[in-house]
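Here's the letter readout for the chains.
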Amino acid sequence: MKPAAFEYHRPDDLPSALALLRAHEDASVLAGGQSLVPMMNYRLAQPDHLVDINRIDELDFIRAESAVIVIGALARHRTIQSSPLIAERLPMVAHAYEWIAHAAVRNRGTLCGNLCHADPASEMPALMQVLEAEMVLARADGTRRVPAVEFFTGTYETARAAGEMLTEVRIPTPPAGSGWGFEEVSMRKGDFAWAAVGCQLRIDNGALVDVRMAAAGVGDCALRLRGIEAALEGEPPSADLFAQAAHDAAEALDPPDTAAVSADYRRDLVRALAPRALTAAVARAE
Ligand SMILES: Cc1cc2nc3c(=O)[nH]c(=O)nc-3n(C[C@H](O)[C@H](O)[C@H](O)COP(=O)(O)OP(=O)(O)OC[C@H]3O[C@@H](n4cnc5c(N)ncnc54)[C@H](O)[C@@H]3O)c2cc1C
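Parameters and conventions
Residues numbered from 1 in each chain as written. Predicted model: local features only at pLDDT ≥ 70, side-chain atom pairs only at ≥ 80, totals over all residues. Heavy atoms only, no water. Disulfide = S-S within 2.5 Å. Patch = residues over 30% accessible without salt bridge, like charges linked within 9 Å, V, L, I, M, F, W, Y side chains within 5 Å. Areas by Shrake-Rupley, 256 points an atom, 1.4 Å probe, with all protein chains shown as cover. Salt bridge = Lys/Arg side-chain N within 4 Å of Asp/Glu carboxyl O. Buried < 20%, exposed > 50% of the residue type's maximum accessible area, 1.4 Å probe, protein only. Near = heavy atom within 4 Å. Polar contact = N/O pair within 3.5 Å; in protein donor to acceptor, adjacent residues only side chain to side chain. Helix = DSSP H or I, 4+ residues; strand = E, 2+ residues; numbered from the N terminus. Nonpolar A, V, L, I, M, F, W, Y, C, P; charged D, E, K, R; others polar. Pairing = 2+ DSSP bridges. Axes fitted to C-alpha atoms, helices over the stretch in contact; angles between N-to-C directions. Contact = heavy atoms within 4.5 Å.

Q: Before we go on, may I ask you to explain the state of the cysteines in this structure?
A: Linking two cysteines covalently via their sulfur atoms produces the bond known as a disulfide. All chains considered together, the criterion is met by zero disulfides. Unpaired in this structure, Cys-221 has its nearest cysteine sulfur neighbour in Cys-116, at a distance of 14 Å.

Below is the structure:
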């Protein structure tokens with residue numbers, strides 16, 4: 001298939017890009033094109049205007065602002081995956097990239113494009129919720145910040161409004177002593193998750209605190225697993241506690257039931273993966 005006709009724009013700076021997005025309500029931003037172009041070829045997306053941001057160098061950055069890592073709209077998956085700053089300050093993100101797409105896709109695809117695409121089986125939307133990242137949405141006349149937990153609203157749907165661009169993601173560095181875990185099952189490494197879970201926690205006087213957990217592949221969009229968080233907060237870590245909390249969380253889910261992966265199997269994966277991720281997080285915290 002070939003895409004439907006569209007008008008192509010390639011602005012050189014951010015104000016010009018935002019002016020184009022304001023002028024053309026149905027315009028789509030083109031970043032790495034790894035999701036948008038196939039969607040256009042299948043005619044699942046038919047924007048009349050494409051705003052290609054690949055020449056806007058000011059969007060290509062990864063930087064630390066005190067205790068926050070800021071990742072710009074043109075930072076490619078591969079650059080983030082191999083960044084020493086990310087390895088040091090956000091090791092869960094660096095680790096999870098082993099599971100995300102293939103080298104050719106990671107060379108072009110961007111984190112911000114991945115988050116705006118909002119595939120329900122995509123790993124980073126879940127991790128951004130665990131890390132309590134903020135999305136910075138710019139439009140021609142201002143910017144706003146949206147917490148990751150409010151950004152993902154449904155399958156391929158986000159809180160981004162027409163005329164807005166995700167210019168950067170702001171990810172707080174986990175506090176000292178935090179531990180993390182990430183576990184996934186997919187058809188092959190590099191494919192979208194059948195189910196994936198990520199978590200972050202601390203241990204204070206032998207009790208679990210600041211527990212945050214989220215999952216991909218088990219709902220309309222990435223989900224924060226509030227039930228597990230509440231069950232664990234203030235409790236001493238134990239295998240029985242993790243198994244019971246994961247069981248209860250899995251029961252409460254309404255995962256997609258597809259030809260490849262049944263809803264029951266996805267629930268089973270949460271039962272298996274959540275305790276593993278929590279156990280790994282406790283080991284790292286200790
Ligand atoms: C074979 C294959 C395997 C893959 N496997 C995985 C996987 O395992 N896990 C996973 O998470 N992903 C996977 N992906 C998707 C990949 O991560 C894409 O790179 C990513 O989803 C989109 O990033 P992009 O920069 O290419 O965005 P694009 O394709 O350019 O855009 C995607 C969408 O986001 C919008 N958009 C892009 N940037 C912005 C912005 N800054 N502001 C506002 N809107 C924007 C576009 O308009 C479009 O709607 C895979 C892709 C392929 C082709």
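Q: Sorry, what's going on with a nonpolar patch on the surface here?
A: The grouping of Met-1, Tyr-42 and Leu-44 at the surface amounts to a nonpolar patch, some 450 Å² of accessible area in total. Take Tyr-42: its relative accessible area is 62%, and that puts it in the exposed class.

Q: Help me out: how do you make sense of the site of the ligand in this one?
A: Among the 30 residues in the neighbourhood of the ligand, the closest are listed as Val-29, Gly-33, Leu-36, Thr-110 and Ser-122. At 2.5 Å from an oxygen atom of the ligand is found a side-chain nitrogen or oxygen belonging to Ser-122. For the ligand, whose accessible area on its own is 980 Å², the fraction buried by protein is 89%. Among the elements of the structure, β2 (28–30), α7 (111–117) and β10 (165–172) are those that each provide at least two residues to the shell around the ligand. Among the elements that make up the shell around the ligand, the one with the highest residue count is α7 (four residues). Taken together, the residues of the shell around the ligand break down into 13 nonpolar, 14 polar and three charged.

Q: Would you mind showing me how to read the sheet that holds strand β12 (residues 193–204) here?
A: Backbone-to-backbone hydrogen bonds pair the strands of a sheet. The strands run either parallel or antiparallel. The four strands are arranged β11-β12-β13-β14 in an open sheet whose pairing can be described as antiparallel. Since the sheet does not close on itself, it has two edges, and those belong to β11 (179–186) and β14 (223–224), each with one partner. Across eight bridges, β11 lies against β12 in antiparallel orientation. Considered in β12, the bridge of Gly-179 is made with Leu-201.

Q: Mind showing me how you'd approach the sheet that holds β10 here?
A: As summarised here, the arrangement of the five strands in space is β4-β5-β10-β6-β7, forming an open sheet in which the pairing is antiparallel. Both outer strands of the open sheet, β4 (62–65) and β7 (142–147), are each paired with one neighbouring strand and no more. Within the sheet, the average angular offset between the axes of one strand and its neighbour, ignoring direction, is 25°. Pairing of strand β6 (residues 134–139) with β10, which is carried by five bridges, proceeds in the antiparallel orientation. Within β10, the residue paired with Ala-138 across the bridge is Met-165. On the sheet, helix α1 (residues 14–23) packs against β6 and β10 and is oriented at approximately 120° with respect to β10.

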